[in-house]
Amino acid sequence: MQVDINSLFKTVVAHNASDLHLVPRSEPQVRIDGRLVPLNLPKLTGEEIQDLCYTLITEKQKKQFEEEFELDFAFGIPNVGRFRANYYKVLDEMAAAFRIIPSEIPTIDSLGAPQIFKEIIKREKGLILVTGPTGSGKSTTLAAMLNEINETERKHIITIEDPVEFIHENKNSLFSHRELGLDTKSYARALKYALREDPDVILIGEMRDQETIKAALTAAETGHLVFGTLHTNSAPGTINRIIDVFGGDEQPQIRAQLSTSLVAVISQALLPKIGGGRIAVHEILITNPAISNLIRENKVHQIYSQMQLGQQQTGMQTQTKVLQKLLLNRVIDKDTALKYSNKPEELINFVKNL
């Protein structure tokens with residue numbers, strides 16, 4: 001049976017899958033509700049995968065892949081959808097992973113996200129971080145937040161991504177989508193020049209290094225609302241990760257900048273629901289004077305206790321509290337809650353008593 005790349009993408013969309021994997025010596029596989037499912041198709045060789053995948057890229061991209069053995073890009077197929085792609089090598093053969101990007105920009109309400117999201121994005125300046133492992137829905141959450149700004153405010157929004165995923169239509173706001181490698185050479189360089197491009201809001205696809213983090217903090221301090229992502233699993237852990245990127249002599253300054261510019265950290269994970277589908281679990285840290293003081297004084301380990309206080313009044317929530325609610329409402333099962341929990345020791349007794 002001849003495998004056709006467009007038919008594979010149509011299958012991904014038809015099955016409501018999130019990803020498609022093409023790996024040598026395996027049949028194509030899709031990820032549905034977080035689990036890999038093999039398609040009933042022949043196993044592919046590296047050469048067959050290359051033939052399929054090269055139909056999607058330019059000669060320049062082929063040259064880049066053949067020189068660097070990795071390639072990230074995004075593309076759209078009319079009447080099918082938009083995808084993010086990563087080409088890579090396994091045992092000197094080509095492999096590929098594709099992530100579907102929803103064609104419709106999600107809203108905060110359609111995601112069932114906490115309403116506090118609508119409040120924090122009204123800030124005129126500061127840093128909002130959305131964190132979590134790969135595949136946890138960070139890009140989707142950010143797209144919904146930017147969509148809310150687009151619907152309600154007249155702002156200039158610059159996105160810097162690798163690659164650009166969601167492409168927003170200009171409604172009330174004006175979008176400048178910039179892609180690494182295509183429109184700019186680095187996050188840090190794009191951020192430096194973004195400040196001369198009259199932005200109100202800046203989205204940084206990934207805060208990878210010292211230079212990018214420094215530029216993001218400076219932009220947040222100088223009257224811009226900055227959104228960024230990190231691969232961290234908890235809100236306090238995110239603050240530690242940023243500080244630890246820097247040497248000891250620079251850390252006091254970074255803590256001082258974070259204490260004044262950080263608006264919120266949203267750490268999320270996608271959990272499988274009972275009966276199918278997945279649900280986003282958000283741990284939310286909102287900076288207040290007490291949190292700012294703990295960051296500045298290098299007492300990040302005390303932030304979690306502060307988050308536990310008066311969660312309904314502050315808009316903050318711990319992951320444990322959300323997991324308990326989902327367990328009580330029978331949205332997720334006990335094994336899932338314990339598997340994904342950042343603090344399973346907090347959940348053990350609760351689970352036992354259910």
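Rules and cut-offs
Residues numbered from 1 in each chain as written. Predicted model: local features only at pLDDT ≥ 70, side-chain atom pairs only at ≥ 80, totals over all residues. Heavy atoms only, no water. Helix = DSSP H or I, 4+ residues; strand = E, 2+ residues; numbered from the N terminus. Expected span 1.5 Å × (residues − 1). Buried < 20%, exposed > 50% of the residue type's maximum accessible area, 1.4 Å probe, protein only. Contact = heavy atoms within 4.5 Å. Pairing = 2+ DSSP bridges. Axes fitted to C-alpha atoms, helices over the stretch in contact; angles between N-to-C directions. Salt bridge = Lys/Arg side-chain N within 4 Å of Asp/Glu carboxyl O.

Take helix α7 (residues 210–221) next. If you check α7, its first and last C-alpha atoms are 16 Å apart, about what 12 residues at 1.5 Å a residue would give, namely 16 Å. Residues Thr212, Ile213, Ala215, Ala216, Leu217, Ala219 and Ala220 constitute the buried set of α7. Buried residues belonging to α7 abut β7 (126–131), α6 (187–194), β10 (201–204), β11 (225–230), α8 (235–244) and α9 (251–261). After α7 finishes, the residue Gly223 shows a positive phi value of roughly 95°.

So, about the sheet that holds strand β1 (residues 19–22). Reading across the sheet, the six strands line up as β3-β2-β1-β6-β5-β4 and stay open at both edges, with antiparallel pairing between neighbours. Looking at strand neighbours, the two that pair on one side only are β3 (35–38) and β4 (71–77), the edges of this open sheet. In this sheet, neighbouring strand axes are inclined to one another by 25° on average, regardless of whether the strands run parallel or antiparallel. Both strand β2 (residues 29–32) and β3 contribute to a ladder of four bridges, which runs antiparallel. Its bridge partner lying in β3, Arg31 is registered against Leu36. Seen against the sheet, helix α2 (residues 46–54) touches β1, β5 (81–90) and β6 (93–101) and runs at an angle of roughly 45° to β6.

Take the environment of Val263 next. Assignment of secondary structure puts Val263 in strand β12 (residues 262–272). Each C-alpha atom, one on Val263 and one on Ile286, is 6.1 Å from the other, the two residues being 23 residues apart in sequence. Those residues in contact with Val263, other than ones at most four positions away along the chain, are Ile120, Arg123, Lys125, Gly126, Leu127, Ile128, Leu285, Ile286 and Thr287.

Glancing now at the sheet that holds β7. Strand order in this open sheet of seven strands is β9-β8-β10-β11-β7-β12-β13, and the pairing throughout is mixed. Of all strands in the sheet, those bounded by a partner on one side alone are β9 (174–179) and β13 (278–286). For this sheet, the mean inter-axis angle between neighbouring strands, taken without regard to orientation, is 15°. Where β7 lies against β12, five bridges are found, and the strand directions are parallel. Note that in β12 the partner of Leu129 across the bridge is Val265. The sheet contacts of α6 involve β8 (156–161), β9 and β10, and relative to β8 the element is tilted by about 165°.

Attention now moves to the pattern of salt bridges. Under the counting rule described, the total for this entry stands at 14 salt bridges. A salt bridge links Arg84 to Glu165; its shortest N-O distance comes to 2.5 Å. With Arg84 in strand β5 and Glu165 in the loop between β8 and β9, the pair connects residues that are 81 residues apart, well separated along the chain. For Glu165, a relative accessible area of 9% corresponds to the buried category. With a closest N to O distance of 3.0 Å, Lys118 and Asp109 form a salt bridge.

Moving on, we come to unusual backbone geometry. Note the cis peptide between Asp162 and Pro163, where omega equals -5°. Notably, Asp92 is not glycine yet its phi reads approximately 65°, a positive angle. With respect to the element layout, Asp92 can be found in the loop between β5 and β6. Even without a glycine there, the phi angle at Asn298 is positive, about 60°. With respect to the secondary-structure elements, Asn298 resides in the loop between α10 (289–296) and α11 (303–308).

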